[in-house]
Amino acid sequence: MDQGFQERILASGIRSVLDLRGERERTEKPDDLFFLIANGIRYKEAGIRDILHYGDIRLLDGDLSRDYIDMLVNHKAEIRLALLSLSALPKPVLFHCNAGKDRTGILAMLLLSLSGIDKERILVDYCQTEENLAEMKRTGSATHREDLPEAFLHARKETMERTIAFLESLGGIQAYLLAIGLTKNDIEGLSLFR
């Protein structure tokens, strides 16, 4: 973490950090645990595996929403753990992955939906990442494998639209969260506005 980022964390009153990256990513680019601990900020790991970092990207056939849907279908236990961890940590919580758009985007979409934010606003929020990616790549705060197709280096509206449509086909976000093992009380505790 550069000093500017550390200052923003302190100024925003962040009390916890939830790291959604896998072990390999955390080893390659660890969070500054000394800074976090020295400032009384709780740190928790809750890695979510995704094809972009831990699989064969050819399976995605150029469609990033396939990675998102794969996470929702094949990594339910990891998503459940991340959500329960998020709920239990002292607030406010900064949660992140590598670029802050894929695993972080899925978690943000789930939380915003549970909090009653309409789909269009969620899509605008997701697309905001597109504007931030160029600077993140320039500064090295987000890294990507060199073999990723260009389509995977963006945060485009249609990617999250297809992901939300998939969840709607399952009966909606609450139905999905119940199916992955969260209780109604767990779900209520995740709302940003309670």
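Definitions and cut-offs
Residues numbered from 1 in each chain as written. Predicted model: local features only at pLDDT ≥ 70, side-chain atom pairs only at ≥ 80, totals over all residues. Heavy atoms only, no water. Helix = DSSP H or I, 4+ residues; strand = E, 2+ residues; numbered from the N terminus. Buried < 20%, exposed > 50% of the residue type's maximum accessible area, 1.4 Å probe, protein only. Contact = heavy atoms within 4.5 Å. Areas by Shrake-Rupley, 256 points an atom, 1.4 Å probe, with all protein chains shown as cover. Expected span 1.5 Å × (residues − 1). Lys, Arg positive; Asp, Glu negative; His and termini not counted. Salt bridge = Lys/Arg side-chain N within 4 Å of Asp/Glu carboxyl O. Pairing = 2+ DSSP bridges. Axes fitted to C-alpha atoms, helices over the stretch in contact; angles between N-to-C directions. Core = buried A, V, L, I, M, F, W, Y, C linked by side-chain atoms within 4.5 Å. Polar contact = N/O pair within 3.5 Å; in protein donor to acceptor, adjacent residues only side chain to side chain. Arc of directions from axis to C-beta.

**Let's talk about the overall build of the protein**
- Across its full length, the protein carries eleven helices and three strands.
- Counting from the amino terminus, helix and strand elements in the protein follow one another as α-β-α-α-β-α-α-α-β-α-α-α-α-α.
- Expressed as lengths along the three principal axes of its C-alpha atoms, the size of the protein is roughly 45 × 40 × 30 Å.
- Split into buried and exposed, the 194 residues of the protein put 45% on the buried side.
- Counted over contacts in the protein with a minimum sequence separation of 6, partners at least 24 positions apart contribute 79%.
- Here the protein has roughly 10,100 Å² of accessible surface; of this, 52% comes from carbon and sulfur atoms.

**With respect to helix α9 (residues 157–169)**
- For α9, which comprises 13 residues, the first-to-last C-alpha distance of 18 Å matches the rise-based estimate of 18 Å (1.5 Å per residue) to within 8%.
- Downstream of α9 by one or two residues, glycine 171 has phi in the positive range, about 110 degrees.

**Notes on the side chain of aspartate 70**
- By the secondary structure assignment, aspartate 70 is in helix α5 (residues 64–74).
- Notably, aspartate 70 is buried but unbridged: the nearest opposite-charge side chain belongs to arginine 49, and the N-O separation is 8.4 Å.
- Those residues in contact with aspartate 70 that lie beyond four places of it in its chain are Ile51 and His75.

**Section: the sheet that holds strand β3 (residues 93–96)**
- Judged by pairing direction, the sheet is parallel, and its three strands sit side by side in the order β2-β1-β3 without closing on themselves. The sheet is open, and its two edges are formed by β2 (42–45) and β3, each paired on a single side. Each neighbouring strand pair of the sheet contributes to a mean axis angle of 15 degrees, computed without reference to strand direction.
- Sheet topology note: the strand β1 (residues 16–19)/β3 ladder contains four bridges and is parallel. Looking across to β3, one finds that leucine 18 is bridged to phenylalanine 95.
- With respect to the sheet, helix α6 (residues 76–88) is in contact with β1, β2 and β3, its orientation differing from that of β1 by roughly 175 degrees.

**Points about the pattern of salt bridges**
- Across all of its chains, the model carries eleven salt bridges by this definition.
- In this structure, the salt-bridge partner of arginine 24 is glutamate 28, at a minimum N-O distance of 3.9 Å. Residue arginine 24 and its partner glutamate 28 are both found in helix α2 (residues 23–28); the two are separated by four residues, about one turn of the helix.
- A relative accessible area of 39% places arginine 24 in the partly exposed class.

**Describing the nonpolar core**
- In this structure, Ile79, Leu83, Met109, Leu110 and Leu177 are the most contacted members of the largest nonpolar core, which totals 46 residues.
- Excluding anything up to four places from it in sequence, methionine 109 contacts Ile122, Met160, Thr163, Ile164, Leu167 and Ile173.
- Formed by six residues, the second largest nonpolar core is a distinct cluster that contains Ile14, Phe35, Leu36 and Ile41.

**A few points about the environment of tyrosine 54**
- Tracing the backbone through its elements, the reader meets tyrosine 54 in helix α4 (residues 51–54).
- Distance from tyrosine 54 to glycine 22, taken between C-alpha atoms, is 8.7 Å for residues 32 residues apart in sequence.
- Those residues in contact with tyrosine 54 that sit more than four places away from it in its chain are Gly22, Glu23, Arg24, Glu25, Arg49 and Arg103.
- For tyrosine 54, the side chain forms a polar contact with the main-chain nitrogen of glycine 22, separated by 3.4 Å.

**Notes on α6**
- Over its 13 residues, α6 runs 18 Å from end to end, which matches the ideal 18 Å to within 8%, given 1.5 Å per residue.
- All of the buried residues in α6 are Ile79, Ala82, Leu83, Ser85 and Leu86. Looking straight down α6, one finds its buried side chains confined to an arc of 160 degrees; they lie on one side. Residues of α6 that are exposed and point more than 90 degrees away from the buried face comprise Ala77 and Ala88.

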